[in-house]
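Remarks on the overall topology
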Amino acid sequence: QVQLVESGGGLVQAGGSLRLSCAASGRTFSSYSMGWFRQAPGKEREIVASIRRSGGSTYYVDSVKGRFTISRDNGKNTVYLQMNSLKPEDTAVYYCAAQIRPLSVYDYWGQGTQVTVSS
């Protein structure tokens, strides 16, 4: 079992920045990959970024490349999403998730944190 708790969401003006954090507990944090997802009202959930166990490999959806950075601190059991140059279209509930087996589904999810970007 893995428990995930997100924090750091809020209201920010366009062009601003936020850093989301996701604290994990349960299994050894460095043994699994992590991802950040988001879901806007009326839209399907999409993956925003992911990071492998060691942190050496990352993925970003095209719409956030150059603006968002995913990172992890295996000593603190935490994954981060630094979001810069935020746009109103980034408004969504953001979720972190754990992928226990490589190339498999994301098995565990946090409760989500709201990010609202005003124009």
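Residues numbered from 1 in each chain as written. Predicted model: local features only at pLDDT ≥ 70, side-chain atom pairs only at ≥ 80, totals over all residues. Heavy atoms only, no water.

Structural notes on the overall build of the protein
Threshold: Segments assigned H or I by DSSP are reported as helices when at least four residues long, segments assigned E as strands when at least two residues long, and all are numbered from the N terminus. What the globule rule says is 2.2 Å times the number of residues to the power 0.38, and the radius of gyration is computed from C-alpha atoms. For each residue, the accessible area found with a 1.4 Å probe, counting protein chains only, is set against the maximum for its type, and the residue is called buried under 20%, exposed over 50%, and partly exposed in between. Residues are treated as being in contact if the distance between any of their heavy atoms lies within 4.5 Å. Areas reported as accessible are Shrake-Rupley estimates using a 1.4 Å probe. Residue values count occlusion only from the protein chains shown.
Along the protein, the regular secondary structure elements total zero helices and eleven strands. When the helices and strands of the protein are listed from N to C terminus, the series reads β-β-β-β-β-β-β-β-β-β-β. Radius of gyration (C-alpha) of the protein: 13 Å, near the 14 Å computed for a compact globule of 119 residues. Seen through its principal axes, the protein has C-alpha atoms that stretch 40 × 25 × 25 Å. Evaluated residue by residue, the protein yields a buried proportion of 43% over its 119 residues. The contacts in the protein between residues at least 6 apart in sequence include a share of 53% that link residues at least 24 apart. Working note: accessible area of the protein is about 6200 Å², and carbon and sulfur atoms make up 46% of it.

Topic: the environment of Gln99
In this structure, Gln99 sits in strand 9 (residues 92–99). Classification of Gln99 by relative accessible area gives buried; the value is 11%. Residues Gln99 and Ile47 lie 52 residues apart in sequence; the distance between their C-alpha atoms is 13 Å. Aside from chain neighbours lying at most four places away, what touches Gln99 is Tyr32, Ser33, Ser104, Val105, Tyr106 and Asp107.

Quick notes on the packing of aromatic side chains
To keep things clear, this is the line we draw: Pairs were defined over the aromatic rings of Phe, Tyr and Trp, the Trp ring being its six-membered one, requiring ring centres within 6.5 Å. Orientation was assigned from the angle between planes: stacked under 30 degrees, edge-to-face over 60, tilted for the rest. Whether a charge sits over a ring comes down to the Lys NZ or Arg CZ being within 6 Å of the ring centre and within 35 degrees of the ring normal.
Summed over all chains, the structure comprises four aromatic pairs. Taking 4.7 Å as the distance between ring centres and 55 degrees as the angle between the ring planes, the aromatic pair formed by Phe37 and Trp109 counts as tilted. With a gap of 72 residues between them, Phe37 in strand 4 (residues 33–39) and Trp109 in strand 10 (residues 108–109) connect regions that are remote in the sequence. Between the aromatic rings of Tyr106 and Trp109, the centroid separation amounts to 6.3 Å while the plane-to-plane angle is 55 degrees, which identifies the pairing as tilted. Given the relative accessible area of 30%, Trp109 is considered partly exposed. Through a chain of ring-to-ring contacts, three or more aromatic side chains come together here, namely Phe37, Tyr106 and Trp109. The ring of Phe37 has Arg45 lying over it, and the distance from NZ or CZ to the ring centre is 5.9 Å. One Lys or Arg, Arg45, reaches over the ring of Trp109 and ends 4.0 Å from the middle of that ring.

Observations concerning the environment of Gln39
Note the threshold: Here a polar contact means two N or O atoms within 3.5 Å. Within protein one must be a hydrogen donor candidate and the other an acceptor candidate, and residues neighboring in sequence count only if both atoms are side-chain atoms.
When you line up the elements, Gln39 lands in strand 4. Spatially, the C-alpha atoms of Gln39 and Asp90 are 9.5 Å apart, while their sequence positions differ by 51 residues. With sequence-adjacent residues up to four places away left out, Gln39 is seen in contact with Glu44, Arg45, Ala92, Val93 and Tyr95. Here Lys43 takes part through its backbone oxygen, which lies 3.1 Å from a polar atom of the side chain of Gln39.

A few points about the sheet that holds strand 7 (residues 68–73)
Each strand in a sheet pairs with its neighbour through backbone hydrogen bonds, running either in the same direction (parallel) or in the opposite one (antiparallel). Let me state the cut-off plainly: Strand pairing follows a simple DSSP-based rule, namely that at least 2 bridges must link the two strands. Each axis is a line fitted through C-alpha atoms, taken for helices only over the stretch in contact, and angles between the N-to-C directions span 0 to 180 degrees.
Spatially, the four strands line up as an open sheet ordered 1-3-8-7, and their pairing is antiparallel. Unpaired on one side and paired on the other, strand 1 (2–7) and strand 7 mark the two borders of the sheet. With strand direction ignored, the average angle separating the axes of adjacent strands in the sheet is 15 degrees.

Shape descriptors only; they carry no functional weight alone.
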